[in-house]
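What the coordinates show
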Amino acid sequence: MAQPIPQPKGLPLLGNVLDVKPSNTWASLKKLAETYGEIFKITVLGHTIVFVAGANLAEEVTDEKRFRKYVGGPIDEIRYAVHDALFTAYDHEASWGIAHRIIAPKLSPQAMSVHFDEMRDTTSELINLWKHLGDSSNKITLIEQLNRLNLEATTLTLYGKKLNGLEGQQHPMIQGMETSTAEAVMRPTRPGILNSLFYGRKFKRSTATMRAYAQGMVDYRKQNPTKRQDLLSAMMEHKDPETGKSLTESQIIDEIVSMPIGSSTAPCLITSAIYYLLKNPEVMAKAREEIHHVVGKETLTMGHIPQLSYVEGVVREALRLGHPAPGFNLEPVPSEDKSPVQLAGGKYEIPHNQPIILVLAGVNRDPTVFPDPMAFKPERMMGPEFEKLPRAATRWFGNGKRECIGKHYAQLWNMIVLTMLLREIEFEMVDENYNIEQVGMDGWFNVRPINFQVKVRPRV
Ligand code: HEM
């Protein structure tokens, strides 16, 4: 006999509206995961969502034979901006396979090495700006700076255009992404009439901003033909090897917009990593020792990256504890059988079409997999220790065929940026008592420490 899935009490008719703060959904889900453990559910506006927050159940619901990506809620809402792009396509839409086969080769590990110098040089540009900050301006909000760096690097590597957006006015694309993803997360929590009466214009405007950025990339490429074989050239020129189909210009715009939304998770990761390193000076020292030993004063090259295994452990441990992509959506694979789906050998039952959200703040801190889960220990993310972890406990990049297509890009960018920052910059927390567990994280499609500020100065 299945046992009931825990659910906070809620209000008559309104359900659990008060249990999830619309302004910080992920913080509420993290709190519920801490209260209820491996599984819980909530009902909002008549819709029930089941949340999985333990490693064992995560292992089960990431089995692609039984579960697949659920395109609903905020992901469905952001289709307003990017339609049937990679991130938002329904399982049945052929557009996903066509785009995937055209795009994936340009984001493969081999393709990434082509972009190494551009990733390194944009990072150098930011570091140089920091090195020349006067005392009065030397108090930076790390995520704001790294968001600029990310857009600069993504635009240059994937679309071949220099934005020059590391200083001065922030590029409007950054605010466009923030506003549209915030709106996409909040829309499912409001009655539809409120969305169309009061929030439609904001959504429309931010969408227009993002699509104008993307159109700018296409127009620039048309006006400046090049032999560059980057993602943009693949999207504009290549055909899907399976169907022979090309992407339409509107589909190219959809994907151009989607990539920086995806890649904006990486600055969240670096921000958390710097926070955890400042809180764990012995880990910071060890990472710097490795960088000193492997790279020294040389210019960072692709050849250094595989030798930086401790820094890689730091990145993975920050992905675990900081969970920059806070979760992803799943549902049972549809079948003729409409009977309830059993979980944990019948301990729990869910309807055959039940949306599920994997809450990584729970899964990544499951003490049965990660003893002393709140400690920042890169060693557990290295070599055989890492290899023996259950796969579901390392699902920071999503699952199966809908796993992050930018994973290799992110892995390289994270390594380059973190290595260079640790080698060249000394960080100091503006508020030395800042504590991420008390202040918390916020965000929409990705999360970052709230208002985390640091002082930066060149390392000597
Ligand atoms: C630390 C950095 C990153 C993390 C943790 C991350 C995480 C994720 C996760 C969890 C998913 C699955 C979402 C789902 O199932 O709904 C995903 C999908 C995706 N990501 Fe990333 N991501 C990162 C960086 C990037 C980068 C750098 C790019 C682009 C260059 C990117 C582009 C995408 C796209 C397009 C998808 C949709 C893939 C598909 O459904 O076919 N991401 N990412």
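Bear in mind the structure is a predicted one, so any value in this text is a computation, not a measurement. (Residues numbered from 1 in each chain as written. Predicted model: local features only at pLDDT ≥ 70, side-chain atom pairs only at ≥ 80, totals over all residues. Heavy atoms only, no water.)

Some remarks on the packing of helix α8 (residues 142-159) against helix α10 (residues 192-223)
Between two packed helices, the angle of one axis relative to the other and the distance separating the axes together describe the packing. Heads up, the rule is: Here the axes come from fitting lines to C-alpha atoms, over the contacting stretch only for helices, and the angles between their N-to-C directions go from 0 to 180 degrees. The helix count covers DSSP runs of H or I at least four residues long, the strand count covers runs of E at least two residues long, and both are numbered beginning at the N terminus. Note on convention: near helix rotated counterclockwise from far helix by under a right angle means a left-handed crossing. Clockwise means right-handed. We call two residues in contact when some of their heavy atoms are within 4.5 Å. Three residue categories are used. Nonpolar comprises Ala, Val, Leu, Ile, Met, Phe, Trp, Tyr, Cys and Pro, charged comprises Asp, Glu, Lys and Arg, and polar comprises the others, including Gly.
Relative orientation of the contacting elements α8 and α10 amounts to 35°, with a least axis distance of 12 Å. Crossing of α8 against α10: the hand is right-handed. Contact with α8, carried on its side by L151, T155 and Y159, involves Y213, M217 and R221 of α10 and no other residues of that element. Its residues placed into classes, the contact of α8 with α10 shows four nonpolar, one polar and one charged.

Some words on a nonpolar patch on the surface
This is how it is decided: Two joining distances apply to patches: 9 Å for like charges and 5 Å for nonpolar side chains (Val, Leu, Ile, Met, Phe, Trp, Tyr), and every residue must have over 30% relative accessible area and no salt bridge. We get accessible surface area from the Shrake-Rupley algorithm with a probe of 1.4 Å; when it comes to residues, only the shown protein chains can shield them. What makes a salt bridge here is a side-chain nitrogen of Lys or Arg within 4 Å of a carboxyl oxygen of Asp or Glu, nothing more. Only protein chains enter the accessibility calculation, which uses a 1.4 Å probe. A residue is then buried if its area is under 20% of the maximum for its type, exposed if over 50%, and partly exposed in between.
Side chains of L11, L13, L14 and L18 sit close together on the surface and give an oily, nonpolar patch of about 480 Å² of accessible area. Considering the arrangement of structural elements, one finds L11 in the segment before α1 (25-36). Given a relative accessible area of 36%, L11 falls into the partly exposed group.

Regarding the UniProt feature "binding site: heme" (unreviewed entry) in the protein chain
Formally: UniProt positions are given in the numbering used here, feature names are shortened, and annotations may be inferred rather than shown by experiment.
Residues given the UniProt feature "binding site: heme" (unreviewed entry) here are C404. Mapping C404 onto the fold places it in the loop between α17 (383-387) and α18 (407-424).

Structural notes on the site of the ligand
Formally: Put simply, a residue is near a molecule or strand once any heavy atom of it comes within 4 Å of that molecule or strand. Polar contacts, as counted here, are pairs of nitrogen or oxygen atoms within 3.5 Å of one another; within protein the pair requires one atom able to donate a hydrogen and one able to accept it, and residues that are adjacent in sequence qualify only if both atoms are side-chain atoms.
Taken together, 23 residues are adjacent to the ligand, and K69, L86, W96, R402 and C404 come closest. Between the ligand and K69, the relevant distance is 2.8 Å, taken from an oxygen atom to a side-chain nitrogen or oxygen of the residue. Contact distances for the ligand include 3.1 Å between an oxygen atom and a backbone N or O atom of L86. The set of elements that each furnish at least two residues to the shell around the ligand consists of α12 (249-263), α13 (265-279) and α18. Along the lines of polarity and charge, the residues of the shell around the ligand split into 14 nonpolar, six polar and three charged.

Quick word on the packing of aromatic side chains
What counts, and what does not: Any two of the Phe, Tyr and Trp rings considered here, Trp counted by its six-membered ring, make a pair once their centres fall within 6.5 Å; the pair's planes then place it as stacked at under 30 degrees, edge-to-face at over 60, or tilted in between. The criterion is that NZ of a Lys, or CZ of an Arg, lies within 6 Å of the ring centre and within 35 degrees of the ring normal, and then a charge sits over that ring.
Taken as a whole and judged by the stated rule, the model has twelve aromatic pairs. Geometrically, the ring pair formed by Y275 and Y434 is edge-to-face, given 5.8 Å between the ring centres and 70° between the ring planes. Placement of Y275 in helix α13 and of Y434 in the loop between β9 (425-429) and α19 (436-439) is noted, with a sequence separation of 159 residues between them. With a relative accessible area of 6%, Y434 lands in the buried category. With a centroid separation of 6.2 Å and an interplanar angle of 25°, the aromatic rings of F386 and W396 are classed as stacked. With F386 in helix α17 and W396 in the loop between α17 and α18, the pair connects residues that are ten residues apart, well separated along the chain. Summarising the burial analysis for this pair, F386 and W396 share the class buried. Three or more aromatic residues joined by ring pairs make a cluster, and in this case those are Y275, Y276, F376, Y434 and F452. Lying over the aromatic face of Y199, R190 brings its terminal NZ or CZ to 3.3 Å of the ring centre. Its guanidinium or amino end placed over the ring of W96, K401 lies 4.9 Å from that ring's centre, counting from NZ or CZ.

Quick word on the environment of S23
For S23, the position within the fold is in the segment before α1. A relative accessible area of 46% places S23 in the partly exposed class. Distance in space between the C-alpha atoms of S23 and V50 is 20 Å, their sequence separation being 27 residues.

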